[in-house]
Structures are given as C-alpha cells and as structure tokens.
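What follows is the residue order along each chain.
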Amino acid sequence: MSLGTIVLVILILLLIGVLPIFPHARGWGFAPSGLISTVLIVVLILVLLDKL
C-alpha cells in the first residue's frame, strides 16, 4: 500500500468519527466534519494526480 492510500483511509475514518450522529460529537456541529472533508478532498485529488 502506498502512503497516499494509507492517508486516505485514515482521513475517511476520521470523517466518520467526527460526524455529529455519535454522542461524543453532538455538540461539535458540522465544523470538524467540514474541515476533515476539505482535507479529504485535497488528499484525494493529490492521490489521483500521483502527487502524494
């Protein structure tokens, strides 16, 4: 597995963890998931362009 794939999997797991459907994340709102989603999109683009 390449480094890009590992980073992508970790970011997807982080995105699932910060969704406000879990009890520990209800008070956070959508800010953490929005930030992680933005980072995920950037990393996904870098992986698809073979820059990472």
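Residues numbered from 1 in each chain as written. Predicted model: local features only at pLDDT ≥ 70, side-chain atom pairs only at ≥ 80, totals over all residues. Heavy atoms only, no water.

Colleague: So, the overall build of the protein chain: which residues are in play, and what are the values?
Modeller: Broken down by element type, the protein chain carries 2 helices and 0 strands. The 52 residues of the protein chain split such that 21% are buried. Taking contacts inside the protein chain between residues at least 6 apart in sequence as the whole, the part at least 24 apart equals 39%. Carbon and sulfur atoms form 79% of the exposed surface of the protein chain, whose accessible area is close to 3,800 Å². (Helix = DSSP H or I, 4+ residues; strand = E, 2+ residues; numbered from the N terminus. Buried < 20%, exposed > 50% of the residue type's maximum accessible area, 1.4 Å probe, protein only. Contact = heavy atoms within 4.5 Å. Areas by Shrake-Rupley, 256 points an atom, 1.4 Å probe, with all protein chains shown as cover.)

Colleague: Help me get a handle on the nonpolar core, residues and values and all.
Modeller: Side chains of a nonpolar character, in soluble globular proteins, are inclined to be buried together. Ranked by size, the top nonpolar core spans 7 residues in total: Leu 8, Leu 11, Leu 15, Val 18, Ile 36, Leu 40 and Val 43. Of all the secondary-structure elements, those providing two or more residues to this core are helix H1 (3-17) and helix H2 (31-48). (Core = buried A, V, L, I, M, F, W, Y, C linked by side-chain atoms within 4.5 Å.)

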